[in-house]
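These are the residues of each chain, in order.
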Amino acid sequence: MRQLGLIAGAAATALVAAGAISYAVAGDEGADGPPSAGSADAGFARDMAVHHQQAVEMSYIVRDRTDDEDVRRLAYDIAQTQANQRGMLLGWLGLWELPKVSAEPPMTWMGMEGAASGKDGALMPGMATNTEMKRLGSLDGERAEIFYLQLMTDHHEGGVHMAQGCVRACEVGVEKRLARGMVEAQESEIELMAGMLRERGAAPRD
């Protein structure tokens with residue numbers, strides 16, 4: 001798919017640009033110094049690292065469950081992009097000398113600590129439950145493709161919401177730029193996945 005290639009290329013460009021300036025994040029413009037442990041910057045970094053990890057896991061599961069090259073390519077691109085972004089987020093927490101976990105519930109930095117109950121492993125909006133992850137690993141072929149595309153659409157929608165929260169509330173410029181890039185890339189992938197679902201006679205979940 002040409003559109004898939006364009007999206008992957010844009011994501012790769014964004015990663016290179018972000019990586020080139022990530023070394024300076026602790027003293028980035030827009031902030032007087034490293035953020036505090038309770039800041040939106042730290043909260044977003046911690047929560048999005050967890051959110052991204054599940055997307056990586058889902059993507060590698062579906063690559064083993066289908067031979068469809070479009071789905072496998074999309075899954076690989078998502079896994080690589082989000083694994084790299086996760087590494088950046090955790091690296092920034094290290095630069096800021098902040099803990100990578102918090103005693104506060106997820107989404108507290110957005111004032112949405114009750115947005116997800118954490119029941120069955122769904123810690124934040126858009127995240128799949130443990131039951132859904134197990135089901136994905138039990139499906140094959142088109143059934144696996146459809147379920148993956150549905151789960152990842154939900155996942156991206158939750159991720160976009162979180163990234164938009166960082167764009168509004170984060171103070172470290174490079175992190176805000178990364179969050180803005182996440183919004184753009186994941187909204188494009190949501191549109192792409194809607195088309196892939198239509199090709200399979202399916203639709204995103206309500």
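The paragraphs below set out a description of the structure included in this document. Bear in mind that the values here come from a model prediction, so they are computed numbers and not experimental data.

**Notes on the side chain of Asp47**
In step 1: For Asp47, the location among the structural elements is in helix α2 (residues 40-63).
In step 2: Lacking a salt bridge, the buried Asp47 has Arg46 as its closest oppositely charged neighbour, with an N-O distance of 5.5 Å.
In step 3: With residues near it in sequence (within four places) discarded, Asp47 still touches Pro106, Met107, Trp109, Met124 and Met162.

**Here we look at the layout of surface pockets**
In step 1: Its boundaries defined by the atoms lining it, the second largest pocket holds a volume of some 270 Å³.
In step 2: Together, 18 residues line the second largest pocket, and Arg46, Asp47, Ser102, Glu104 and Pro106 are the ones closest to its centre.

**Some thoughts on the state of the cysteines**
In step 1: According to the stated counting rule, one finds 1 disulfide in the structure shown.
In step 2: Here Cys166 engages in a disulfide with Cys170; their sulfurs sit 2.2 Å apart. One quick way to see it: the torsion about the S-S bond of Cys166 and Cys170 is about -120 degrees, and its sign makes the bridge left-handed. Across the pair, exposure class does not vary: Cys166 and Cys170 are buried alike.

**Digging into the nonpolar core**
In step 1: In terms of nonpolar packing, the biggest core is built from 30 residues, with Phe44, Leu89 and Met162 touching the most fellow members.
In step 2: Mapped onto this core, the elements with two or more residues apiece are α2, α3 (69-95), α5 (141-169) and α6 (173-199).
In step 3: Each residue touching Phe44, except ones within four places of it in the same chain, is listed here: Ala49, Leu89, Trp109, Met162, Ala163, Cys166, Cys170, Glu175, Ala179 and Met182.

Each value, and the rule that gives it
- Residues numbered from 1 in each chain as written.
- Predicted model: local features only at pLDDT ≥ 70, side-chain atom pairs only at ≥ 80, totals over all residues.
- Heavy atoms only, no water.
- Helix = DSSP H or I, 4+ residues; strand = E, 2+ residues; numbered from the N terminus.
- Buried < 20%, exposed > 50% of the residue type's maximum accessible area, 1.4 Å probe, protein only.
- Lys, Arg positive; Asp, Glu negative; His and termini not counted.
- Salt bridge = Lys/Arg side-chain N within 4 Å of Asp/Glu carboxyl O.
- Contact = heavy atoms within 4.5 Å.
- 1 Å grid on protein atoms, 1.4 Å probe; cavity = no way out; pocket = protein on both sides within 12 Å on 5 of 7 lines; lining within 4 Å.
- Points joined across faces, edges and corners; volume = space filled by probe spheres on them.
- Disulfide = S-S within 2.5 Å.
- Core = buried A, V, L, I, M, F, W, Y, C linked by side-chain atoms within 4.5 Å.

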